[in-house]
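Chain and residue survey
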Amino acid sequence: MTENLRNLCKQLRLAYVADSFEDVDFSTPEAFLTNVLTQEIEMREFAKVERNLKKARFLENKSLETYQWGSSIRLPQTVTKEQLKNLDFIKDHQNLVLIGAPGTGKTHLASALGRRACEKGYEVRFYRVAQLVEELETAHRNGKLGTFRKKFNDIQLLILDEMGYVPFSKEGAEILFQLITEFYEKKSLIVTSNLEFSQWNRIFIDSRLTAALVDRLIHHAHVITYSGESYRLTHALSRVN
């Protein structure tokens with residue numbers, strides 16, 4: 001391949017043609033051009049998904065294909081399994097709140113839905129809540145909170161994992177509340193927690209802030225609950241026995 005051809009592809013912003021055109025099957029000039037451009041589009045889409053997944057910062061590689069929709073998960077009447085898989089809640093700017101004991105599959109489902117969203121072209125971010133609050137507080141102390149929050153401007157789905165494991169300071173709770181408020185009716189959140197809403201005062205301390213936060217989250221939300229014991233614990237015990 002000549003350097004001239006590579007430069008032409010670069011000028012036309014055809015990132016993948018130069019490296020793949022020699023392997024394209026064709027029977028006519030039209031078929032060749034069609035196949036080359038189709039492959040360019042497919043590789044662009046693949047690269048976009050990979051970028052989305054990398055930016056999302058998932059802790060584990062979870063997918064809906066490996067998720068076990070067992071008897072422990074209880075979906076509300078407001079949403080079906082197929083609607084979740086189709087990401088209808090993101091299209092409608094709704095939230096998901098997943099509540100249940102540790103190890104019952106909440107994070108797996110949240111991550112799997114986040115991955116599906118990345119594959120569909122949505123901007124997604126995954127955070128352990130304690131980590132996010134720590135970063136928000138650090139940005140606030142350094143006078144960079146406004147800059148930090150701009151990172152969320154283009155995010156369409158924010159996953160907040162493990163709400164309730166670590167209590168927040170008053171400052172941290174207020175900053176997190178402000179961030180969640182900015183998502184209200186504009187974007188979507190997935191929140192996982194081992195605590196029922198009545199116990200969220202343990203996290204946020206201020207009862208009025210807690211009530212306002214819960215109100216924002218559940219106003220346009222599907223609350224999914226889990227019963228039973230930890231999958232991880234059950235699996236570990238079965239191996240021991």
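Treat the numbers as computed from the prediction; the structure is a model and nothing was measured.

Calculation criteria
- Residues numbered from 1 in each chain as written.
- Predicted model: local features only at pLDDT ≥ 70, side-chain atom pairs only at ≥ 80, totals over all residues.
- Heavy atoms only, no water.
- Helix = DSSP H or I, 4+ residues; strand = E, 2+ residues; numbered from the N terminus.
- Rg over C-alpha atoms; globule rule 2.2 N^0.38 Å.
- Contact = heavy atoms within 4.5 Å.
- Areas by Shrake-Rupley, 256 points an atom, 1.4 Å probe, with all protein chains shown as cover.
- Lys, Arg positive; Asp, Glu negative; His and termini not counted.
- Charge placed at Lys NZ, Arg CZ, Asp CG, Glu CD.
- Buried < 20%, exposed > 50% of the residue type's maximum accessible area, 1.4 Å probe, protein only.
- Pairing = 2+ DSSP bridges.
- Right-handed = clockwise from strand over helix to strand, strands pointing away.
- Axes fitted to C-alpha atoms, helices over the stretch in contact; angles between N-to-C directions.
- Core = buried A, V, L, I, M, F, W, Y, C linked by side-chain atoms within 4.5 Å.
- pLDDT = per-residue confidence, 0-100.
- Expected span 1.5 Å × (residues − 1).

Time to look at the overall build of the protein. Counting its regular elements, the protein contains 12 helices and six strands. The C-alpha atoms of the protein give a radius of gyration of 22 Å, which is well past the 18 Å a tight globule of 241 residues would have. Along the first, second and third principal axes, the C-alpha set of the protein runs to 70 × 55 × 35 Å. Counted over contacts in the protein with a minimum sequence separation of 6, partners at least 24 positions apart contribute 80%. Approximately 14000 Å² of the protein is accessible, and the part contributed by carbon and sulfur atoms is 50%. With 33 positive and 31 negative side-chain charges, the protein shows a separation of 5 Å between the mean positions of the two kinds.

Counting buried residues along strand 2 (residues 95-99), five of its five residues qualify, which places the element largely inside the surrounding structure. By the alternation rule, side chains of strand 2 split into Asn95, Val97 and Ile99 and Leu96 and Leu98, which are all buried. Relative to strand 6 (residues 221-226), strand 2 runs parallel, the two being bridged by five bridges. Looking across to strand 6, one finds that leucine 98 is bridged to isoleucine 224. Here four bridges tie strand 2 to strand 5 (residues 188-193), and the two strands are oriented parallel to one another. Among the inter-strand pairings, valine 97 is bridged to a residue of strand 5, identified as valine 191.

With six of seven residues buried, strand 4 (residues 157-163) is to be regarded as a mostly interior element. In terms of handedness, the path from strand 4 via helix 9 (residues 170-183) over to strand 5 forms a crossover that is right-handed.

The next thing to look at is the sheet that holds strand 6. Reading across the sheet, the six strands line up as 1-6-2-5-4-3 and stay open at both edges, with mixed pairing between neighbours. With partners counted over all chains shown, the strands left at the sheet margins are strand 1 (73-74) and strand 3 (124-128), one partner each. Across the sheet, helix 7 (residues 129-141) is in contact with strand 3 and strand 4; its angle to strand 3 comes to roughly 95 degrees. This element, helix 9, spans strand 4 and strand 5 of the sheet and lies at about 145 degrees to strand 4.

Turning our eyes to something else, we now look at the nonpolar core. One finds Trp200 and Phe204 to be the most contacted residues of the largest nonpolar core, which totals 31 residues. Of all elements in the fold, only helix 7, helix 8 (145-149), strand 4, helix 9, strand 5, helix 10 (201-204) and helix 11 (207-219) reach the threshold of two or more residues within this core. Sorting elements by how many residues they give to this core places helix 9 first, with seven residues. Setting aside chain neighbours within four positions, we find tryptophan 200 in contact with Met163, Val191, Ser193, Leu195, Thr210, Leu213, Val214 and Leu217. Among the nonpolar cores identified, the runner-up in size contains 28 residues, and Phe58, Leu84, Ile90 and Leu96 belong to it.

Before going further, it helps to examine the confidence of the model for the protein. Mean pLDDT over the protein works out to 87, with 93% of the residues at or above the 70 mark. pLDDT under 50 marks residues 231-241. Its contacts with residues more than four places away, or in other chains, come to seven contacts.

Before going further, it helps to spend a moment on helix 3 (residues 29-56). The terminal C-alpha atoms of helix 3 lie 41 Å apart, and with 28 residues this matches the ideal 40 Å at 1.5 Å per residue to within 8%. Close packing links the buried residues of helix 3 with helix 2 (17-20), helix 6 (106-119) and strand 3. Residue arginine 57 follows helix 3 closely and has a positive phi angle near 65 degrees.

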